[in-house]
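Observations on chain architecture
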Amino acid sequence: MTDHKPDARTCLQPAAECDVGNPVEWMVDPDHPDKILGVTYEFSHTGTRKTVWYTHNKRRAKSFVVVDVN
């Protein structure tokens, strides 16, 4: 049996099909503004938003300040 590796270009989706999330809001610690607690991403094709929390338990922070990217 021969070991066949697929061409990397065949594994990628066309750019038109990729739904890329762009950051639209940053949630920062009110006492330490340089500490990011979470980021909200908006996806280019669907327009849906998803928030990712960078807290130790991966849950919504109890207190934070929202900074709009735009």
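The notes below deal with the structure included here. Everything numeric here is computed off the predicted structure, so don't read it as measured data. (Residues numbered from 1 in each chain as written. Predicted model: local features only at pLDDT ≥ 70, side-chain atom pairs only at ≥ 80, totals over all residues. Heavy atoms only, no water.)

A word on the pairing of strand 2 (residues 36-43)
Applied cut-off: In short, DSSP must find at least two bridges between two strands for them to pair. Helical segments are the DSSP runs of H or I of at least four residues, strand segments are the runs of E of at least two, and each set is numbered from the N terminus.
Bridge analysis of strand 1 (residues 21-28) against strand 2 gives seven bridges, and the strand direction is antiparallel. Considered in strand 2, the bridge of Gly-21 is made with Phe-43. Bridge count for strand 2 against strand 3 (residues 49-53) is five bridges, and the pairing is antiparallel. Bridge pairing in strand 3 links Gly-38 to Trp-53. Hairpin geometry of strand 2 and strand 3 is characterised by an intervening segment of five residues between the two adjacent antiparallel strands and by a positive phi of about 75° at Gly-47.

Digging into the sheet that holds strand 3
Here is the rule: Angles here are taken between N-to-C directions and fall from 0 to 180 degrees, while the axes themselves are lines fitted to C-alpha atoms, restricted in helices to the stretch in contact.
Here four strands make up an open sheet; going across it, the order is 3-2-1-4 and the pairing antiparallel. With partners counted over all chains shown, the strands left at the sheet margins are strand 3 and strand 4 (65-68), one partner each. Neighbour-to-neighbour, the strand axes of the sheet open up by a mean angle of 30°, direction not taken into account. The sheet contact formed by strand 1 and strand 4 spans four bridges and is antiparallel. Among the inter-strand pairings, Val-28 is bridged to a residue of strand 4, identified as Val-65.

Focus: the side chain of Asp-29
Condition: Relative accessible area decides the class of each residue, using a 1.4 Å probe on protein chains only: under 20% of the type maximum gives buried, over 50% gives exposed, and in between gives partly exposed. Positive: Lys, Arg. Negative: Asp, Glu. His and the chain ends are not part of the count. By definition, a salt bridge exists where a carboxyl oxygen of Asp or Glu is found within 4 Å of a side-chain nitrogen of Lys or Arg. Contacts described as polar in this section are N or O atom pairs within 3.5 Å, which, within protein, must combine one atom able to donate a hydrogen with one able to accept it, while residues neighboring in sequence count only if both atoms come from side chains.
Mapping Asp-29 onto the fold places it in the loop between strand 1 and strand 2. No salt bridge forms around the buried Asp-29; measuring N to O, its nearest opposite-charge neighbour Lys-35 is 4.6 Å away. A distance of 2.9 Å separates a polar atom in the side chain of Asp-29 from the backbone nitrogen of Asp-31.

Things to note about the environment of Val-66
We apply this condition: By the convention used here, residues are in contact when the closest approach between their heavy atoms is within 4.5 Å.
You can see Val-66 is positioned in strand 4. Note: C-alpha distance between Val-66 and Glu-25 (41 residues apart in sequence) is 6.4 Å. Discounting residues that sit within four places of it in the chain, Val-66 has contacts with Glu-25, Trp-26 and Met-27.

On their own, these measurements won't tell you what the molecule is for.
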